[in-house]
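# Summary of structural features
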Amino acid sequence: MNENGKELVESFTLDHTKVKAPFIRKCTVYQGDMGDTVTKYDIRFTQPNEAELESAGIHTLEHLMATYMRNYMDGIIDLSPMGCRTGFYLTVWGSPDTDHIKSVVIKSLGDVINSDEVPAVNPIQCGNYRLHSLELAKSYAQAVLDSGFNDDFIIR
Ligand SMILES: [Zn+2]
């Protein structure tokens, strides 16, 4: 909360011209009134304002990563694509360190590359089941695995 009592949208405070993708950033740690901690991470695949993930590819990545990441860690609340289509927001219980999140993401991207099918691609379980591309999802996963996530991603 800022001084006016309004919640600030944290990502609007990030200078998107000063980062080098791909990277994983712990953006916000929320402390609940009941003592719970919830943390949001920015999992950035492409360079902001220079490249973006096609809708079909990011949608398939969402289905696959939401499934695979839960095999490697507990406490995942949500994984959602960013509207700008340059990456994902991950929300989890607690506040695991970024290196742990990174290892889970990397293992999950390895599973994406070995996937033969995409879970929940049907009109019952998905809001746009025709909008999928396993081929694109694999190519995005491979690109990030090839380059690795930048540890020093803030350009000064
Ligand atoms: Zn879907």
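If you're wondering where the values come from, they're calculated on a predicted model, not measured in any experiment. (Residues numbered from 1 in each chain as written. Predicted model: local features only at pLDDT ≥ 70, side-chain atom pairs only at ≥ 80, totals over all residues. Heavy atoms only, no water.)

## Examining unusual backbone geometry
When glycine is set aside, most residues are seen to have a negative phi, and most peptide bonds are trans. The linkage connecting Ala 21 with the following residue, Pro 22, adopts the cis geometry, with an omega of 0 degrees. Summarising the element assignment, Pro 22 is placed in the segment before strand S1 (23-31). Positive phi, close to 65 degrees, is recorded for Asn 49, a residue that is not glycine. You can see Asn 49 is positioned in the loop between strand S2 (37-44) and helix H1 (55-72). Of the residues examined, Asn 49 reaches a relative accessible area of 72% and is grouped as exposed. Of note, the phi angle at Ala 120 is positive, near 65 degrees, even though the residue is not glycine. For Ala 120, the location among the structural elements is in the loop between helix H2 (98-113) and helix H3 (134-147). Owing to a relative accessible area of 24%, Ala 120 belongs among the partly exposed residues under this scheme. (Helix = DSSP H or I, 4+ residues; strand = E, 2+ residues; numbered from the N terminus. Buried < 20%, exposed > 50% of the residue type's maximum accessible area, 1.4 Å probe, protein only.)

## Section: the nonpolar core
Within the largest apolar cluster, 28 residues are counted, with the highest numbers of intra-cluster contacts made by Ile 43, Phe 45, Leu 61, Met 65, Leu 90, Val 105 and Leu 109. Of all the secondary structure elements, the ones that give two or more residues to this core are S2, H1, strand S3 (76-81), strand S4 (87-93), H2 and H3. Broken down by element, this core gets its largest block of residues, 6 residues, from H1. Sequence-distant contacts of Ile 43, defined by excluding residues within four places in its chain, comprise Phe 23, Ile 24, Leu 79, Met 82, Gly 87, Phe 88, Leu 90, Val 105 and Phe 149. Grouped together as the second largest cluster of nonpolar side chains are 5 residues, Leu 14, Val 19, Phe 23 and Phe 153 included. (Core = buried A, V, L, I, M, F, W, Y, C linked by side-chain atoms within 4.5 Å. Contact = heavy atoms within 4.5 Å.)

## Here's the deal with H1
Helix length check: H1, at 18 residues, gives a terminal C-alpha distance of 26 Å against a target of 26 Å (1.5 Å per residue), a fit within 8%. Helix geometry: H1 is bent most strongly at Met 65, by close to 25 degrees. Within H1, burial applies to Ala 56, Gly 57, Ile 58, His 59, Thr 60, Leu 61, His 63, Leu 64, Met 65, Tyr 68 and Met 69. Packed against the buried residues of H1 are S3, S4, H2 and H3. (Expected span 1.5 Å × (residues − 1). Bend = angle between axes of the 7 residues up to and from the residue.)

## So, the pattern of salt bridges
In this structure the tally under the stated criterion is 6 salt bridges. Arg 85 serves as the salt-bridge partner of Glu 52, at 3.5 Å between the closest nitrogen and oxygen. Taken as a pair, Glu 52 in the loop between S2 and H1 and Arg 85 in the loop between S3 and S4 lie far apart in primary sequence, 33 residues in all. Accessibility expressed as a relative area gives 47% for Glu 52, which makes it partly exposed. By relative accessible area, which is 25% here, Arg 85 ends up partly exposed. In this structure, a network of salt bridges that share partners links the residues Arg 25, Asp 42 and Arg 44. (Salt bridge = Lys/Arg side-chain N within 4 Å of Asp/Glu carboxyl O.)

## Quick look at the packing of aromatic side chains
Per the counting criterion, the structure on display carries 2 aromatic pairs. Aromatic side chains Phe 23 and Phe 153 sit 4.4 Å apart centroid to centroid with 10 degrees between the ring planes, which places their arrangement in the stacked category. Residue Phe 23 is located in strand S1, and its partner Phe 153 is located in the segment after H3; the two are separated by 130 residues in the primary sequence. Relative accessible area serves as the criterion here: at 0%, Phe 23 is assigned to the buried category. Judged by relative accessible area, which is 11%, Phe 153 ranks as buried. Considering the side-chain rings of Phe 45 and Phe 88, the 5.6 Å spacing of their centres and the 65 degrees angle between planes classify their relative orientation as edge-to-face. With Phe 45 in the loop between S2 and H1 and Phe 88 in strand S4, the pair connects residues that are 43 residues apart, well separated along the chain. Comparing Phe 45 with Phe 88 shows no difference in burial state: the two are buried. Note that Lys 40 overlies the ring of Tyr 89, its terminal NZ or CZ placed 4.4 Å from the centroid. (Phe/Tyr/Trp six-rings, centres within 6.5 Å; stacked < 30°, edge-to-face > 60°. Lys NZ or Arg CZ within 6 Å of the ring centre and 35° of its normal.)

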